[in-house]
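If you want the building blocks of each chain, they are given just below.
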Amino acid sequence: MRLYDIETPEQIRNLSEEQLSTVADDIRDFIIQTIAQKGGYLADNLSVVDAMVALHFVFQTPQDQLLIDGGHQCLAHKILTGRSPTFSTYRQAKGLKTYCSCDESTYDTWNSMPIGSSLAVAFGLACARDKAKETYQIIDFIDSKGIITGSSLEALYQIGYAQHGMVIIYNEMIQTKTKSNRIIETLSSFRSSKAYRKAKESVNDTLRSNRIGNGVASAFGSVKDHIKDNLLNDNLFQNMGFDYLGPVDGHDMHALINAFQAAKASSRPIVVHIQTHPSYGYPYAQDQNGWQEVMPFHQDTGKSKLLVSKDQCSWETWIDTCITVLQKQNPKLSKIDPSLSSRPNLALGMAAGIAKKGYHPFVQIQAKDISQCIDTIQAHLANMKSPIIVGVNNAGIADGKGDIQQGIYDIRLLSSIPDIMISQPKDSQEALDLLYTASQSQNPFFIRYPFGIVSKPSEQIGHLLPIGSWSQFQIGLDPKCIVITYGQEFDRIVSKAKENQWDMIVINARFFKPVDEKILKQMFLMQLPIYIFEPDAKGSLSALVMQVYTKIMKPVHVLGIENHFVQQGSVRSIRIHEHISVNALFKEIDHEQHAVR
C-alpha cells in the first residue's frame, strides 16, 4: 500500500500483521526523508511509528478520541490519517503543522499542548463522555517526559479514583535494548491474549452464578491478585487504581495489537506500557542523544546540512562555553544538568535549593516554557532573592513552529515579577559580559538568547556591565529619529541604516528590567520620533518603556507582534506577515518622515 493512497485509518484495518509492519517501515522512511529535508523532531517520531500503526488498526478513530501529549510525536498519526500529500509543506507558513491541530483534521482531538498536560484533558473528555452515556474510547499517548509531571500525576490519581474508562499508552523510550524480565513479559503477553480474557470471563461468570461459587471467585481473585502483585512487583499505576499491561515491545506489531485489543476491551482505566527506541530505524541516530529536534541533515550520512565555520557555534553552545570559562574564575558558579530543561519547575526549584547554600547556579529554560514556571519563579527565585542565572533558550520566533511553541511571550510574563533582572545580548561578547555581570549579582538574572548561530568573539573575557544600562549608536550628524531595539536586531538595523544613509540613533536595550531611565530621558528630550522595534509579542519592551514615562513627550511608534498566536512558518515569512521585518521598520520611518514634511 502506497502512503499517498492512505486517506483514512480504515484502509489499514484489513491488513495482515506482516502488511502492517511494511506500512510502518514505509512511514519511517518517509519521516526520515521529510525531516532530513526540513528539520524537526526525529527521535520521538521514529520511536512511535509501530505503536501508531497498531493503535489506528485496533481503535476506531476518530470516533475513539486520541490525545498525543505535547504533540511532538504525531507525524505517523498524520500520515495514517491522510495527510501524506501535504508533507511537502511541513513547517512552512500555512502548511502542514509540526504538532496536532483541530483545524487540520478531525482525527486531531486537541491542538498542541504543553508536555504533561494531556491526561487532565483526557480525564475531562472521559467525564463528559460518561455523563452523556456514550461508549467511545479515550486514548492518551504519553511519554516518559510527560507522565512524570505534577499535572500528570495529579490527573492519574483522579482518574484512578473516579474509575472513568480510558486507555493510557505510556511510551517509555530506552536508549539501548535492556535485559527484560521474562516472567513479566510472559505474564503480560498471556493476560492480553484473547484465550485468557475469554477463560477469565467464563470462570468468573460460572462461579458467581451461585453463593458458594461467588465466595470461591472472590478468594480466587484475592490469590490471583496477590500472586500478580508479587510477580509484577506492583507498580505506580496499579496502586493508583489502573489495570496495567506491560512492558510491551513497542516495535513488535503482534504484541502491540494484542495489548491494544486487551485495553480496548476493558471498561476500567488501563495503562499499556510500551518500550521503544529513539530514532528507531535510522542507524545514524538510533540510540544516540541529540536527535530529538534537528536541523536538516544529509540522510545518507546523518551529517547536518548547516555549514558552521570554526569561529561560529550555536547560541546554546556559546552560552555553555561562557559558563565553563566563568566557572574557572568563580568556583561557586554551578551548572544544572541541561537535560532538566524539559522539566523547568524541577530545574528552577533545584537551582533555588543550591543557591540557598551559597552557590550561584546556572539553569537553562526554554522561552516557551516560562509560562509554566511563573509560580516557581515568583516563590523560589524572586521572593527568596536567589542568585540564580536563568538562560532563556530559543527566545523569539521559532522556525517552523506555531501557536504556544513560540518563544515570544516570556518578557511580558517575567516583567511583572519584582526583584528579577531580564536581559538579552546583541552578540556573543555581550552575552559573555551579561553572564559575567549576572555571576556578580545577588538577584535572579534572566538572559534570553535565540535559536541559531552566533560568531565567537576574539577573546573570552567578560566585563562588568552597569545593571540596567543601554548602549547607543548614532548614524549621521543630524539624526531624524530614534530606534530602540535589542538582541541581534541592533546590528542589523545599524547596518541597514548605514547602507541606506539614514541619519538616526539606534539604542541597544540590552536590559528589559531594569530599563535605562537616563538614556530614555535624554531621548525624549530630543523630541524626535521614537520607534520601538521588538520582534516578540508587542508590549515586551514597549510596555516597560511606557512605564518610565506615563506622559509621552513624543508619540512612540511600536513595531512588534500583536496579541495573537503566531502560526508556523519560516522566520522570514513570519517577520513579513507580522510587519516586524527591518524593511517594514524603514517603510514606517519613511512614511512618518514624509508626513512631517
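For the structure itself, consult the block above.
K.L.:
I tried to follow helix α12 (residues 253–264) on my own but got confused; where do I start?
P.N.:
Since one α-helical turn is 3.6 residues long, residues separated by three or four positions face the same way. Over its 12 residues, α12 runs 16 Å from end to end, which matches the ideal 16 Å to within 8%, given 1.5 Å per residue. Inspection of α12 places M253, L256, I257, A259, F260, A262 and A263 among the buried residues, and these make up the whole buried set. Regarding α12, its N-cap is D252, as a side-chain oxygen of that residue lies 3.1 Å from the backbone nitrogen of H254 further along.

K.L.:
Would you mind going over the nonpolar core with me for this structure?
P.N.:
For soluble globular proteins, the rule of thumb is that nonpolar side chains tend to be buried together. Counting 69 residues, the largest nonpolar core has W470 and I484 as its most contacted members. The greatest single-element share of this core, amounting to six residues, is contributed by helix α13 (residues 315–329). What I484 contacts, discounting residues up to four positions off in sequence, is W470, I507, A509, L520, I530, Y531, I532, F533 and L541. Listed in part, the 58 residues of the second largest apolar core include L15, A36, A54 and V272.

K.L.:
Looking at this structure, how should I read a nonpolar patch on the surface?
P.N.:
On the surface, M295, L306, V308, F451 and I453 cluster together to form a nonpolar patch covering roughly 420 Å² of accessible area. Within the secondary structure, L306 sits in the loop between β7 (293–294) and β8 (312–314).

K.L.:
Is there a simple way to explain the pattern of salt bridges in this structure?
P.N.:
A pair can form between side chains of opposite charge whenever their charged atoms are brought close. Tallying each qualifying case throughout the model produces 23 salt bridges. With a shortest N-O distance of 3.6 Å, K145 and D44 are connected by a salt bridge. One end of the pair, K145, is in helix α6 (residues 144–147); the other, D44, is in helix α2 (residues 43–47), and 101 residues separate them in sequence. Of the residues examined, K145 reaches a relative accessible area of 21% and is grouped as partly exposed. A relative accessible area of 2% places D44 in the buried class.

K.L.:
Whenever I open this one, the packing of α13 against helix α17 (residues 428–439) confuses me. Can you help?
P.N.:
Two packed helices can be described by the angle between their axes and the distance between those axes. The contact between α13 and α17 brings their axes to 10 Å, and the two run at 45°. Here α13 lies oblique to α17, going by the angle between them. Note on packing geometry: the crossing formed by α13 with α17 is right-handed. Of α17, the residues touching α13 (which contributes W315, W318, I319, C322, I323, L326 and Q329) are S428, A431, L432, L435 and Y436. For the contact of α13 with α17, a count of residues per class yields 10 nonpolar, two polar and no charged.

K.L.:
I keep staring at the sheet that holds strand β16 (residues 482–485) and nothing clicks. Help me out?
P.N.:
Pairing between the strands of a sheet comes from backbone hydrogen bonds, and it takes one of two forms, parallel or antiparallel. Taken together, five strands build an open sheet; the order of strands is β15-β17-β16-β19-β20 and the sheet is mixed. The outermost strands of the open sheet, each flanked by one partner alone, are β15 (471–475) and β20 (556–561). The sheet shows a mean angle of 20° between the axes of neighbouring strands, taken without regard to direction. Strand direction decides the pairing type here: strand β19 (residues 530–537) and β20, joined by six bridges, are parallel. Of the residues in β20, the one forming a bridge with I532 is V558.

K.L.:
Hey, could you run me through the pairing of strand β3 (residues 138–143) in this one?
P.N.:
Successive residues of a regular strand alternate their side chains across the two faces of the sheet. Buried residues dominate β3, accounting for six of its six residues. Burial along β3 is two-sided: I138, D140 and I142 and I139, F141 and D143, pointing in opposite directions, are all buried. The pairing of strand β2 (residues 65–68) with β3 spans four bridges and is classified as parallel. Bridge pairing in β3 links Q65 to I138.

K.L.:
How should I be thinking about the environment of M166 in this particular structure?
P.N.:
By the secondary structure assignment, M166 is in the loop between α7 (150–162) and β4 (167–173). The exposure class assigned to M166 is buried, which follows from its relative accessible area of 1%. Non-local contacts of M166, meaning those with residues more than four positions away in its chain, are made with A122, F123, A126, Q137, I138, I159, R268, P269 and I270.

K.L.:
Got a minute to help me understand the sheet that holds strand β10 (residues 360–366) in this structure?
P.N.:
Taken together, the six strands give an open sheet; going across it, the order is β9-β10-β11-β13-β12-β18, and neighbouring strands pair in mixed fashion. Lying at the two open borders of the sheet, with one neighbouring strand each, are β9 (333–335) and β18 (511–513). Averaged over all pairs of adjacent strands, the angle between their axes in this sheet comes to 25°, without regard to strand direction. Looking at chain direction, strand β12 (residues 421–423) and strand β13 (residues 445–448) are connected through three bridges and run parallel. Bridge pairing in β13 links I422 to F446. Helix-sheet contacts for helix α14 (residues 344–356) involve β9, β10 and β11 (389–393), and the interaxial angle to β10 is about 170°.

K.L.:
Got a minute to help me understand unusual backbone geometry in this structure?
P.N.:
A negative phi angle characterises most non-glycine residues, just as the trans form characterises most peptide bonds. Omega for the bond connecting T61 with P62 falls within 30 degrees of zero, at 5°, which places this linkage in the cis form. The topology assignment puts P62 in the loop between α3 (49–58) and β2. Geometrically, the link from G246 to P247 is a cis peptide bond, its omega value of 0° lying close to zero. Position of P247 among the secondary structure elements: in strand β5 (residues 243–249).

K.L.:
Looking at this model, I keep getting lost on the side chain of S423. Mind explaining?
P.N.:
Position of S423 among the secondary structure elements: in strand β12. Taking relative accessible area as the criterion, S423 reaches 0% and is therefore assigned buried. Every residue in contact with S423, bar those within four places of it in the chain, is listed here: L434, F445, F446, I447, R448, R510, F511 and F512.

Definitions and limits used
Residues numbered from 1 in each chain as written. Predicted model: local features only at pLDDT ≥ 70, side-chain atom pairs only at ≥ 80, totals over all residues. Heavy atoms only, no water. Helix = DSSP H or I, 4+ residues; strand = E, 2+ residues; numbered from the N terminus. Expected span 1.5 Å × (residues − 1). Buried < 20%, exposed > 50% of the residue type's maximum accessible area, 1.4 Å probe, protein only. Polar contact = N/O pair within 3.5 Å; in protein donor to acceptor, adjacent residues only side chain to side chain. Core = buried A, V, L, I, M, F, W, Y, C linked by side-chain atoms within 4.5 Å. Contact = heavy atoms within 4.5 Å. Patch = residues over 30% accessible without salt bridge, like charges linked within 9 Å, V, L, I, M, F, W, Y side chains within 5 Å. Areas by Shrake-Rupley, 256 points an atom, 1.4 Å probe, with all protein chains shown as cover. Salt bridge = Lys/Arg side-chain N within 4 Å of Asp/Glu carboxyl O. Axes fitted to C-alpha atoms, helices over the stretch in contact; angles between N-to-C directions. Parallel < 35°, antiparallel > 145°, perpendicular 65-115°, else oblique. Left-handed = near helix turned anticlockwise from the far one by under 90°. Nonpolar A, V, L, I, M, F, W, Y, C, P; charged D, E, K, R; others polar. Pairing = 2+ DSSP bridges.

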